[in-house]
Amino acid sequence: MERIKVKYFTDQIDKLAYIDGKSDWIDLRAAESIDMKAGEYRLIPLGVGMELPRGYEAHVVPRSSTFKNYGIIQTNHQGVIDSSYCGDSDQWFMPAYALRDTHIEINDRICQFRIVENQPTLVFEEVETLANQNRGGIGSTGKK
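Residues numbered from 1 in each chain as written. Predicted model: local features only at pLDDT ≥ 70, side-chain atom pairs only at ≥ 80, totals over all residues. Heavy atoms only, no water.

Further remarks concern the pattern of salt bridges. Taken as a whole and judged by the stated rule, the model has 6 salt bridges. A salt bridge links aspartate 88 to lysine 7, with the shortest nitrogen-to-oxygen separation between them at 4.0 Å. Here aspartate 88 is found in the loop between strand E8 (79–82) and strand E9 (93–98), whereas its partner lysine 7 is found in strand E1 (residues 5–8), with 81 residues between them in sequence. Taking relative accessible area as the criterion, aspartate 88 reaches 61% and is therefore assigned exposed. Overall, the relative accessible area of 34% leaves lysine 7 in the partly exposed class. (Salt bridge = Lys/Arg side-chain N within 4 Å of Asp/Glu carboxyl O. Helix = DSSP H or I, 4+ residues; strand = E, 2+ residues; numbered from the N terminus. Buried < 20%, exposed > 50% of the residue type's maximum accessible area, 1.4 Å probe, protein only.)

In structure tokens, the structure reads:
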């Protein structure tokens, strides 16, 4: 089991915790109350910073209810925080764009993260053909 050092930038948000065995993703919360107008962009502070082990990174994505509840989308769609972002002032943020006027209260769960191992070093080998059946399309259906 890996141990992760966490620094909290506020005492007004709940501490990080798994949600009763439902998932291995962990919710992140707004570290301040925020009002956003439709069309506005903001970096929403999440109130935490972490020292990830070397060879690991955090993937940060919106919760499934974030758009429905707040009308915001995460502008980078998935944030990747690598282990070098680990200083005392390296607070995590969610880059958000509001599609409607909205209010986010401090401690509201707005995104989630998981920590994963970095991709191994890959070597790309150019070939003339791939040894798999031609499905004749795109996606899982094979239809265009």
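The rest of the description comes next.
On to the sheet that holds E9. Pairing within the open sheet is antiparallel, and its 3 strands lie in the order E4-E9-E7. Unpaired on one side and paired on the other, strand E4 (41–45) and strand E7 (72–74) mark the two borders of the sheet. When strand polarity is set aside, the average angle formed by the axes of neighbouring strands in this sheet is 40°. Direction of pairing for E7 relative to E9: antiparallel, over a ladder of 3 bridges. Each bridged residue has a counterpart across the sheet, and for glutamine 74 the counterpart in E9 is alanine 96. (Pairing = 2+ DSSP bridges. Axes fitted to C-alpha atoms, helices over the stretch in contact; angles between N-to-C directions.)

Moving on to the sheet that holds strand E6 (residues 56–62). Read across the open sheet, the 4 strands follow the order E2-E11-E6-E8; overall the sheet is antiparallel. A single partner strand is all that each edge strand has here, and the edge strands are strand E2 (26–29) and E8. The average angle at which neighbouring strand axes cross in this sheet is 35°, direction not considered. Sheet topology note: the E2/strand E11 (residues 109–117) ladder contains 4 bridges and is antiparallel. Across the sheet, arginine 29 pairs through a bridge with arginine 109, a residue of E11.

Here we come to the side chain of threonine 10. Tracing the sequence through the fold places threonine 10 in the loop between E1 and E2. What makes threonine 10 buried here is its relative accessible area of 16%. A polar contact is formed between the side chain of threonine 10 and the backbone nitrogen of glutamine 12, at a distance of 3.1 Å. Setting aside chain neighbours within four positions, we find threonine 10 in contact with Ala31 and Gly47. (Polar contact = N/O pair within 3.5 Å; in protein donor to acceptor, adjacent residues only side chain to side chain. Contact = heavy atoms within 4.5 Å.)

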